[in-house]
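Report on the structure
Each chain is listed here by its residues.
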Amino acid sequence: MKRILIADDHSIVRLGASMIIKECIPEADIQQAQTYDEVYDFLHKESFDLLLLDINMPGGNNIKVIKELLDIQHQVKILVFSSYEESIYALRYINAGACGYINKTTAMSELKNAIENIMTRGKYMSEAVKELYIQKLTSSKSSFDKGNPLHKLSNREMDVAKHLTKGLGILEVAKLMELSSSTVSTYKSRVFEKLNVGNIPELIELFNLHSEA
């Protein structure tokens, strides 16, 4: 019997995902979590084959959580199920250890395809992410970054920038990411320098411009 953990803070999403999983794996034993604390508790107590993970949940929302979860249970396959753009985030989470990344706006049939691919082959990439991956492999780093300047950011810089574009202040970001305010300020300065922006509105505009790139 396959054991699957659905982690999302919206009950309707968990219900929909459960229905898709039952179509793929009728005998699946499905558990549900609403926060990262619950996810950590489940992984410490029980073994799972697949973790369907919303990265924008209370207690998380940083790329480092993938490593933290795999440190608890290294064999679990993680499929990131997120509202964040694939073109910006997918390769980052896959490189961090996730087996796949799928956007929540994707058709439910594609979620089914992603689950089936991960359970049978261990990996899933959408056609768009495959193209991005090939582009990264076949391009120099400078030309790849030039295509989308957001690729210049490190994972931690990306996390800070993401929070800033949502209107959070330095102290709020610091608390959320468990960093000092001075460290967050340093990351903010690096983000602005790498992206050649001078303020938050310009940062938001750049994110919006390249969210489909």
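Residues numbered from 1 in each chain as written. Predicted model: local features only at pLDDT ≥ 70, side-chain atom pairs only at ≥ 80, totals over all residues. Heavy atoms only, no water.

Topic: the packing of aromatic side chains
Here is the rule: Stacked, tilted and edge-to-face pairs are distinguished by plane angle, under 30 degrees for stacked and over 60 for edge-to-face with tilted covering the rest, among Phe, Tyr and Trp rings (Trp via its six-membered ring) whose centres lie within 6.5 Å. Each helix is a run of DSSP H or I of at least 4 residues and each strand a run of E of at least 2, with the numbering of both proceeding from the N terminus. Buried, partly exposed and exposed residues are distinguished by accessible area as a fraction of the type maximum, computed with a 1.4 Å probe on protein chains only: under 20%, between the cut-offs, and over 50%, respectively. Any Lys NZ or Arg CZ that is within 6 Å of a ring centre and within 35 degrees of that ring's normal is treated as a charge sitting over the ring.
Inspection of the entire model under this criterion finds 4 aromatic pairs. Ring plane angle 40° and centroid distance 6.3 Å describe the contact between Tyr36 and Tyr40, whose orientation is recorded as tilted. With Tyr36 and Tyr40 both in helix H2 (residues 36–45), this residue pair falls 4 residues apart, about one helical turn. The burial state of Tyr36 is the same as that of Tyr40; both residues are buried. Taken together, a centroid distance of 6.0 Å and an interplanar angle of 85° make the contact between Phe42 and Phe48 edge-to-face. As far as burial versus exposure is concerned, Phe42 and Phe48 are alike and both buried. The residue whose ring lies beneath Arg3 is Phe48, and the NZ or CZ to ring-centre distance is 4.7 Å.

A short note on helix H4 (residues 86–96)
Applied cut-off: Throughout, a residue-residue contact means that at least one pair of heavy atoms, one from each residue, lies within 4.5 Å.
Of all 11 residues that make up H4, 9 are buried, and the element is covered over most of its length. Looking only at H4, the buried set comprises Glu86, Ser87, Ile88, Tyr89, Ala90, Leu91, Arg92, Tyr93 and Ile94. Contacts made by the buried residues of H4 are with helix H3 (65–72), strand S4 (77–82), strand S5 (100–103), helix H6 (127–138), helix H8 (155–165) and helix H11 (200–210). Phi turns positive, to about 130°, at Gly97, one or two residues after H4.

Focus: the pattern of salt bridges
Counted only if it meets this: The term salt bridge refers to a pairing of a side-chain nitrogen on Lys or Arg with a carboxyl oxygen on Asp or Glu at a separation within 4 Å.
Going through the model one piece at a time under the given rule, you end up with 9 salt bridges. Between Lys104 and Asp54 there is a salt bridge; the shortest N-O distance is 3.2 Å. On the criterion of sequence distance, the pair formed by Lys104 in the loop between S5 and helix H5 (108–121) and Asp54 in the loop between strand S3 (50–53) and H3 is long-range, its members being 50 residues apart. Residue Glu127 is joined to Lys130 by a salt bridge in which the shortest nitrogen-to-oxygen separation is 3.5 Å. Placement of both Glu127 and Lys130 in helix H6 is noted, with a separation of 3 residues, approximately one turn of the helix. Residue class for Glu127 comes out exposed when judged on its relative accessible area of 54%. In this structure Lys130 comes out as partly exposed when scored by relative accessible area, which is 36%.

Quick notes on the domain arrangement of the chain
Under the convention used in this document: An automatic or database domain assignment supplies the residue ranges for each domain. A simple way to read buried area is as the amount of 1.4 Å-probe accessible surface that goes missing from two parts once joined, with both sides added. Here a polar contact is recorded for every N or O atom pair within 3.5 Å, except that within protein the pair must consist of a potential hydrogen donor and a potential acceptor, and residues adjacent in sequence are included only if both atoms are side-chain atoms. In the scheme used here, Gly and all other residues not listed as nonpolar or charged are polar, with Ala, Val, Leu, Ile, Met, Phe, Trp, Tyr, Cys and Pro taken as nonpolar and Asp, Glu, Lys and Arg as charged.
Domain parsing of the chain yields domain 1 (2–129) and domain 2 (149–212). The straight-line distance from the C-alpha centre of domain 1 to that of domain 2 is 25 Å. Between domain 1 and domain 2 lies a buried interface of about 1,300 Å² when both sides are counted; carbon and sulfur atoms form 40% of it. When the buried area of domain 1 at its contact with domain 2 is split by residue, Asn62, Ile88 and Arg92 rank highest and sum to 41% of it. Here domain 1 is connected to domain 2 by 0 salt bridges. There are 6 residue pairs in polar contact (both at pLDDT 80 or more) connecting domain 1 and domain 2. In the side of domain 1 that touches domain 2, the residues fall into 5 nonpolar, 4 polar and 3 charged.

Description of the sheet that holds S5
Note the cut-off: DSSP-based pairing: two strands are paired if at least 2 bridges between them are found. Each axis is a line fitted through C-alpha atoms, and for a helix only the stretch in contact is used; angles between axes span 0 to 180 degrees, taken between their N-to-C directions.
The strand order S2-S1-S3-S4-S5 describes an open sheet built from 5 strands, whose pairing is parallel. A single partner strand is all that each edge strand has here, and the edge strands are strand S2 (29–33) and S5. The sheet shows a mean angle of 20° between the axes of neighbouring strands, direction not considered. Sheet topology note: the strand S1 (residues 3–7)/S2 ladder contains 5 bridges and is parallel. Residue pairing for S2: Arg3 is matched across the bridge by Asp29. In the packing of H3 onto the sheet, contacts are made with S3 and S4, and the angle to S4 comes to roughly 150°.

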